[in-house]
Protein chains: 2
Amino acid sequence: MALRAGDRSQVAMNGLKEKVLTLDTMNPCVRRVEYAVRGPIVLRALELEQELRQGVKKPFTEVIRANIGDAQAMGQKPITFLRQVLALCVHPDLLNSPDFPEDAKRKAERILQACGGHSLGAYSVSSGIQLIREDVARYIERRDGGIPSDPNNIYLSTGASDAIVTVLKLLVAGEGPTRTGVLIPIPQYPLYSAALAELNAVQVDYYLDEERAWALDVAELRRALCQARGHCCPRALCIINPGNPTGQVQARECIEAVIRFAFEERLFLMADEVYQDNVYAEGSQFHSFKKVLTEMGPPYATQQELASFHSVSKGYMGECGFRGGYVEVVNMDPAVQQQMQKLMSVRLCPPVPGQVLLSMVVSPPAPSDPSFAQFQAERQVVLAELAAKAKLTEQVFNEAPGIRCNPVQGAMYSFPRVQLPPRAVQRAQELGLAPDMFFCMSLLEETGICVVPGSGFGQREGTYHFRMTILPPMEKLRPLLEKLSQFHAKFTREYS
Amino acid sequence: MALRAGDRSQVAMNGLKEKVLTLDTMNPCVRRVEYAVRGPIVLRALELEQELRQGVKKPFTEVIRANIGDAQAMGQKPITFLRQVLALCVHPDLLNSPDFPEDAKRKAERILQACGGHSLGAYSVSSGIQLIREDVARYIERRDGGIPSDPNNIYLSTGASDAIVTVLKLLVAGEGPTRTGVLIPIPQYPLYSAALAELNAVQVDYYLDEERAWALDVAELRRALCQARGHCCPRALCIINPGNPTGQVQARECIEAVIRFAFEERLFLMADEVYQDNVYAEGSQFHSFKKVLTEMGPPYATQQELASFHSVSKGYMGECGFRGGYVEVVNMDPAVQQQMQKLMSVRLCPPVPGQVLLSMVVSPPAPSDPSFAQFQAERQVVLAELAAKAKLTEQVFNEAPGIRCNPVQGAMYSFPRVQLPPRAVQRAQELGLAPDMFFCMSLLEETGICVVPGSGFGQREGTYHFRMTILPPMEKLRPLLEKLSQFHAKFTREYS
């Protein structure tokens, strides 16, 4: 806290100077940033883990961090082929080892050829290794049924977050009523609110429809836009599909309607598609914005500006720690694209190991390759388990009175709605906490289960939720869901 | 370019809409960003490489990219031990291989134990793996003769650049005459000017004294500060030691004077010390700001705010592509430190492979370890060669008429001053180029040598320089230096 006037003279008397950088003098935009996924609840979880290690008695033996989509932290094994290729690239002496399959060696040699000094230790060009940008373009073309993708429109990044922030940075301008507004879904992944706060842009909320499995409704987009036009200049529309934290997968007609809306209202589209491999529900299918936009033909295909984001952190590989990702831009002004490239060059390059993993993800073993069978098997196990966990989560939560959970059609989270009794809400207010934060903190203290309150993602006033990842292994997930439901029942009794 | 009124009606007639994001509507701060190290000269170098590959005839057979401090791109081999440990961490099956030394396996196991799910693929905590923060703290204590370092004041980052920008972000506030000013050396590493432009802070230039081997003079700091106080609020002072692009190593007395100045004038100190292992000149020695500050005792030791930056990209290891680094903060307001941690958490975590390499760099093999001898030998070869190259560079340039080069006491660049004949200056102006950009472009086109014009780093008006890394292997460096000197002579004749 900054010093008051009285303290200040105290400071002067002691020969102490007030610090240059204090809460009062620091960047006010940074102060406004909030990021619930790693917020106070996670700091408390870390403390509890430490207390457990120190032998402090708790009503649980283990903290389960279901707050974040971090597959490998939950025990998921890395995909063998990805790590073999990366190990070969890191330590090329291994290229002589008989313990690595031929196709892994070929991949590694191909990548090393494309690196400065044939080493991962050299900087790459700022937009990423050209060869890997080409791999990404071929992947997008396969994904989108042959629609062309130009490697020059692809920029590798330090995870998807980095690329998302870079595009937002380009969009921010103006002051007062001309300040850039950006439409984001509510509930949202809080990278968006955090980045907009830091960049001093206006966050324009549009609500997903919980009653219709978190569907996106263009009428609600229009409402949000009209309301925002009074006090800012809305210039971009962010979509998360499949949804985080909501798990919905958008229907093709919905995507078409969003594109028409963006075109008419002159909004730059940002499509966060990092969960494109994570679709589980029967009848749900991933449609990329790029594909739909292109198939809609002119003027959309030729004019609508779009940036689409992907990463190596989610999908079946879950290689979060490597911070690999990319953005593909469509119909972007070439002069602006140059500016984006310049901005990226200041940070020199995305981490090269993350680039290498991305290359594997977008060009996995082909059926004729020796690693194909194992790769496919490992991939399928992960995706099949995720589908089963998505179903189980929805089912167990919906059996609990006072909890209602939409189907987890995709991504890797459930975002159930919880009823909280009025006395709990009142108690939370006394403590200066959001009611669902109070619930989640109580849950953590009593059960060791760490989930993130819905208030960190945004929700309709008077409703309460939490986000929980479905990633824990099956044998842990069921007891976890049951424990959580039981705790909610107990909490409800306690405050009724 | 944005459309003029006439073009606009044309657009309307064709049913074309103007783009949402254009040079006119984009973030004006981003437009102002410049980053010479990867600027137009490097883009041209890339083009020339492509032309060479396509068989286009040039007066040279190879482009030599001496524009950037990228050791491994220049052929430097990675340090074996670092890559062994990293390969073991990436692909833990190798822990059973007889081909890896025991100490490398021990290190890898220790790191994997500290990773979520025992995998590099999990996110780490946002400030970096705790164990590695502790390793860094022990390293700093050894470096600084036992002065304590607290792991809680250490934050791992995506290269040093990331940490530098994060600290600058905290410092930026105010508008008009209260806008934050940041003092940076001229010549500087252009990350600083680029970040300040992007953050809309005021760049306050202080000039290093070329006549005294680029020494830092407190009188000049004072001049710059006084002048700046009229139109902004100077709140931070950046120091690069050893210097980039200038290669000077600051004397201890100079550092003391800078600290006294910062304390009196209430400036937050930012010490860019990424070249701390790169000191070559006899009589030169690296003194960390943290050590000097602490040894000066109170009030400096107890009150002066400092952030010190280091990375795995430079030194003897040169692992630029992995984007590893850290910042240590000293006397920072704990509440601000929390804000910094929050800001870092939005980007989730620094790339874990870079964290692993950093751990190796700060806790290398001990004399009793099986890998010690080889590690030391490899390290020594790199550092001895760098010292020889630093000397050679200075010597060859100073033999050339019209080129004057200060001693390269440390870091990995020379920043020689070149005389350019008035007719060359005039020709450059006709072409709309800075005179040293014209010189460097001509050099590139004629010889394939890529160096960066001094105007990209800042220099006194009417003087011209270029930055060239000393990293090329010895057998290439001498002909390179000679070719460059000869080109300068020819260029001078041509425009005289």
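What counts, and where the lines are drawn
Residues numbered from 1 in each chain as written. Chains lettered and ligands numbered in written order. Predicted model: local features only at pLDDT ≥ 70, side-chain atom pairs only at ≥ 80, totals over all residues. Heavy atoms only, no water. Helix = DSSP H or I, 4+ residues; strand = E, 2+ residues; numbered from the N terminus. Expected span 1.5 Å × (residues − 1). Buried < 20%, exposed > 50% of the residue type's maximum accessible area, 1.4 Å probe, protein only. Contact = heavy atoms within 4.5 Å. Lys, Arg positive; Asp, Glu negative; His and termini not counted. Salt bridge = Lys/Arg side-chain N within 4 Å of Asp/Glu carboxyl O. Polar contact = N/O pair within 3.5 Å; in protein donor to acceptor, adjacent residues only side chain to side chain. Domains from an automatic or database assignment. Least-squares fit on C-alpha atoms with pLDDT ≥ 70 in both. UniProt positions renumbered as here; feature names shortened; annotations may be inferred. Axes fitted to C-alpha atoms, helices over the stretch in contact; angles between N-to-C directions. Parallel < 35°, antiparallel > 145°, perpendicular 65-115°, else oblique. Left-handed = near helix turned anticlockwise from the far one by under 90°. Nonpolar A, V, L, I, M, F, W, Y, C, P; charged D, E, K, R; others polar. Buried area = accessible area lost by both parts, 1.4 Å probe.

Visitor: For this particular structure, what's the right way to read helix H15 (residues 372-399) of chain B?
Guide: The α-helix advances 3.6 residues per turn, and as a result positions three or four apart in sequence lie on the same side. Residue and element names in this part refer to chain B. Helix length check: H15 (28 residues) gives 41 Å between terminal C-alpha atoms against 40 Å at 1.5 Å per residue, within 8%. For H15, the set of buried residues is Phe375, Glu378, Arg379, Val382, Leu383, Leu386, Lys389, Ala390, Leu392, Thr393, Val396 and Phe397. Its buried side turned inward, H15 meets helix H4 (80-90), strand S9 (403-404), strand S10 (413-414), strand S14 (466-469) and helix H18 (474-494).

Visitor: It is not clear to me how the side chain of B:Glu273 should be interpreted in this structure. Could you clarify?
Guide: All names here are of chain B. Topologically, Glu273 is positioned in the loop between strand S6 (268-272) and helix H11 (289-295). One buried charged residue, Glu273, forms no salt bridge at all, with the nearest opposite charge on Arg143 at 4.5 Å. Within polar-contact distance, the side chain of Glu273 engages the side chain of Ser308 at 2.8 Å. If sequence neighbours within four positions are ignored, Glu273 has contacts with Arg143, Asn241, Phe286, His287, Ser288, Phe289, Ser308, Phe309 and His310.

Visitor: Teacher, can you tell me more about the domain arrangement of chain A here?
Guide: Frequently, the measure chosen for interface size is the accessible area that the parts lose on association. Domain boundaries assigned for chain A yield domain 1 (30-75 + 376-494), domain 2 (80-119) and domain 3 (123-362). Here the C-alpha centre of domain 2 of chain A lies 40 Å away from the C-alpha centre of domain 1 of chain A.

Visitor: Sorry, what's going on with the relation of the copies chain A and chain B here?
Guide: Superposition of the two copies of the chain requires a rotation about an axis and a shift along the axis. Between chain A and chain B, the superposition needs a rotation of 180 degrees and an axial shift of 0.0 Å, giving an RMSD of 0.0 Å. These values place the two chain copies in the arrangement generated by a two-fold rotation axis. Nearest to the rotation axis, the C-alpha of A:Ala87 is located 2.4 Å from it, this being the minimum over chain A. In this assembly, 100% of the residues forming the interface of chain A have copies in chain B that are likewise at the interface, indicating an isologous arrangement.

Visitor: Whenever I open this one, the UniProt feature "domain: Aminotransferase class I/classII large" (unreviewed entry) in chain A confuses me. Can you help?
Guide: UniProt feature "domain: Aminotransferase class I/classII large" (unreviewed entry): in the numbering of this structure it lies at residues 102-484 of chain A. Across residues 102-484 of chain A, the secondary structure splits into 44% helix and 15% strand, with the terminal C-alpha atoms separated by 48 Å.

Visitor: Would you mind going over the packing of helix H7 (residues 159-171) of chain B against helix H13 (residues 334-346) of chain B with me for this structure?
Guide: Relative orientation and spacing of two packed helices are given, respectively, by the angle between their axes and the distance between those axes. All names here are of chain B. Running from amino to carboxyl end, H7 crosses H13 at an angle of 125 degrees, the nearest separation of the two axes being 11 Å. With respect to each other, H7 and H13 are oriented oblique. Here H7 runs over H13; the crossing is right-handed. Within the contact between the two elements, H7 uses Thr166, Val167, Lys169 and Leu170 and H13 uses Val336, Met340, Leu343 and Met344. Looking at side-chain class alone, the contact of H7 with H13 contains six nonpolar, one polar and one charged residues.

Visitor: Is there a simple way to explain the pattern of salt bridges in this structure?
Guide: Side chains that differ in sign of charge can pair as their charged atoms come close. All names here are of chain A. The full count for this structure, using the stated rule, is 56 salt bridges over all chains. The salt bridge partner of Glu211 is Arg417, with a shortest N-O separation of 4.0 Å. With a gap of 206 residues between them, Glu211 in the loop between strand S4 (202-207) and helix H9 (218-229) and Arg417 in strand S11 (residues 417-418) connect regions that are remote in the sequence. Here Arg417 falls in the partly exposed class, since its relative accessible area comes to 28%. Here Arg252 makes a salt bridge to Glu256, at a shortest N to O gap of 3.2 Å. In this pair, Arg252 and Glu256 are both assigned in helix H10 (residues 252-265), four residues apart and thus about one turn of the helix distant. Taking the relative accessible area as the measure of exposure, Glu256 reaches 21% and is therefore partly exposed. Shared partners join several salt bridges into a network, and the residues in it are Arg44, Glu47, Glu51, Lys58 and Glu445.

Visitor: So what exactly am I meant to see when it comes to the interface of chain A and chain B here?
Guide: With 93 residues of chain A in contact, the opposing surface of chain B contributes 93 residues. Interface of chain A and chain B: buried area, both sides summed, is about 8000 Å²; carbon and sulfur atoms make up 58% of it. At the surface where chain A touches chain B, the tally comes to four salt bridges. Ionic pairing is found between A:Asp162 and B:Arg347, a salt bridge with its closest N-O pair at 3.9 Å. Applying the counting criterion to the chain A and chain B interface returns 44 residue pairs in polar contact (both at pLDDT 80 or more). Where the side of chain A that touches chain B is concerned, the elements lending two or more residues are helix H2 (28-32), helix H4 (80-90), helix H7 (159-171), helix H8 (191-198), H10, helix H13 (334-346) and helix H14 (352-362) of chain A. Counted by class, the side of chain A that touches chain B contains 48 nonpolar, 24 polar and 21 charged residues.

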